[in-house]
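Listed below are the residues making up each chain.
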Amino acid sequence: MDIRTLRYFTEVVQLNGFSRAADALFVTQPAISRSILRLEDELGFTLLTREPDGVSLTDEGAVLFEHATRILAQFNSMNKALQDKSGPLTGTLNVGLPPVIASTYFAGIIMAFSTRHPQAELKIFELGTEQMSEAMAEGRVETAAVMLPFDDTRFDLQRFATDRLMLLVNTRHRLAESEQVSFRELTNEKFVLFSDDFRINELIRNACGIYHYKPAVAGRSNHLDLIMAMVSAGVGVTLLPESMWRAHRTDGLAAVSVADPVLSYDLALANVKGYQSRSCLAWNTLAREILGISCATGADPG
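Everything in this summary refers to the structure shown in the same document. (Residues numbered from 1 in each chain as written. Predicted model: local features only at pLDDT ≥ 70, side-chain atom pairs only at ≥ 80, totals over all residues. Heavy atoms only, no water.)

Let us look at the packing of aromatic side chains. Under the criterion given, the structure shown has six aromatic pairs. Ring geometry for Phe 106 versus Phe 160: centroids 5.8 Å apart, planes at 85 degrees, classification edge-to-face. In this pair, Phe 106 is assigned in helix α5 (residues 99-116) and Phe 160 in strand β6 (residues 155-170), connecting sequence segments 54 residues apart. Each member of the pair, Phe 106 as well as Phe 160, carries the same accessibility label: buried. When the centroid spacing of 5.6 Å and the interplanar angle of 25 degrees are considered together, the rings of Phe 194 and Phe 198 count as stacked. (Phe/Tyr/Trp six-rings, centres within 6.5 Å; stacked < 30°, edge-to-face > 60°. Helix = DSSP H or I, 4+ residues; strand = E, 2+ residues; numbered from the N terminus. Buried < 20%, exposed > 50% of the residue type's maximum accessible area, 1.4 Å probe, protein only.)

In structure tokens form, the structure reads like this:
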């Protein structure tokens, strides 16, 4: 068993197919198939079952996949540690930013980082908070911003803001002139929501549960512009972070405070506990500076 074979195996699982994994890894499909067959022979178990629409893990394959993702994350971290040198920051830093956080809090941080460290490349992964934990555990994302609660056993967390959801309606809506609405008043509304893996949806479902109903969903999108366009067109209403509305006020739309319950949440910087690359330390130092986080950890790499 070697690192390359484990990478082949995890890529096949994550991309749900041998051909897609081959394209992503720039190798031939037969090469991947042979490697996984040798791995199965070595372990004495069938790991994958081919299906018409992809692959599925056997019980033994699921065990290997869990351990393989951790091994690969540790291997990637080791490589970064060995390659990290003094001098100007170079290479790529993978940063996870949920779309509901990125444009509001991190546009200035991204610009400042690129100005201070022009030889380093930022790769932004726009993922929901639910996906972020997996991406960080697998080493695909090194540092992130997340909605709390988040796993504090594997990640260092530093809270930087509290936000809340506002009701967003078009100006022709019956609630557009209201200063505040109770969530009970929304029970007959159709919602335009972010994709289902976004933590915001959990807040909305929990609030609906207080009044014993499920939200009627008229549409979903990862893109704020499309959500706002659908609300403007009267497709439905939405619940949007107050900070996002302040940054993206749009004619034809009105924001209304929501009570009973108030849908508030905390935001935090998240980092895998242990080693951080110089680029990651630089990003976190800058983020803390701009976001006003007083409790700093790690040294500024300059």
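Note: strand β8 (residues 190-193) against strand β9 (residues 216-220), four bridges, orientation parallel. Each residue of the ladder has a partner; that of Val 192, found in β9, is Gly 219. As for the winding sense of the linkage, the β-α-β connection from β8 through helix α7 (residues 199-210) to β9 is right-handed. (Pairing = 2+ DSSP bridges. Right-handed = clockwise from strand over helix to strand, strands pointing away.)

Turning our eyes to something else, we now look at the nonpolar core. Ranked by internal contacts, the top residues of the largest apolar core, which has 63 residues, are Ile 101, Phe 106, Phe 160, Leu 167, Phe 183, Leu 239 and Leu 291. Here the element with the most residues in this core is α5; it accounts for eight residues. Excluding residues within four positions of it along the chain, Leu 239 makes contact with Leu 165, Met 166, Leu 167, Phe 183, Phe 191, Ile 200, Ile 204, Val 258 and Leu 263. Core analysis: the next-biggest nonpolar cluster, separate from the first, contains 18 residues, Leu 6, Val 12, Phe 18 and Leu 39 among them. (Core = buried A, V, L, I, M, F, W, Y, C linked by side-chain atoms within 4.5 Å. Contact = heavy atoms within 4.5 Å.)

Quick look at the packing of helix α1 (residues 3-15) against helix α3 (residues 29-43) now. Where α1 contacts α3, the axes come no closer than 9 Å and their chain directions differ by 110 degrees. Between α1 and α3, the angle falls in the class roughly perpendicular. Residues Thr 5, Tyr 8, Phe 9 and Val 12 of α1 lie in contact with α3, whose contacting residues are Ala 31, Ile 32, Ser 35, Ile 36 and Leu 39. Split by residue class, the contact of α1 with α3 holds seven nonpolar, two polar and no charged. (Axes fitted to C-alpha atoms, helices over the stretch in contact; angles between N-to-C directions. Parallel < 35°, antiparallel > 145°, perpendicular 65-115°, else oblique. Nonpolar A, V, L, I, M, F, W, Y, C, P; charged D, E, K, R; others polar.)

Looking now at the environment of Phe 125. Topologically, Phe 125 is positioned in strand β4 (residues 120-125). Expressed as a C-alpha distance, the spacing of Phe 125 and Val 141, which sit 16 residues apart in the sequence, is 7.5 Å. Filtering out sequence-adjacent residues up to four positions away, Phe 125 remains in contact with Asn 94, Val 95, Gly 96, Leu 97, Met 132, Arg 140 and Val 141.

Without other data, these values stay purely geometric and don't point to any function.
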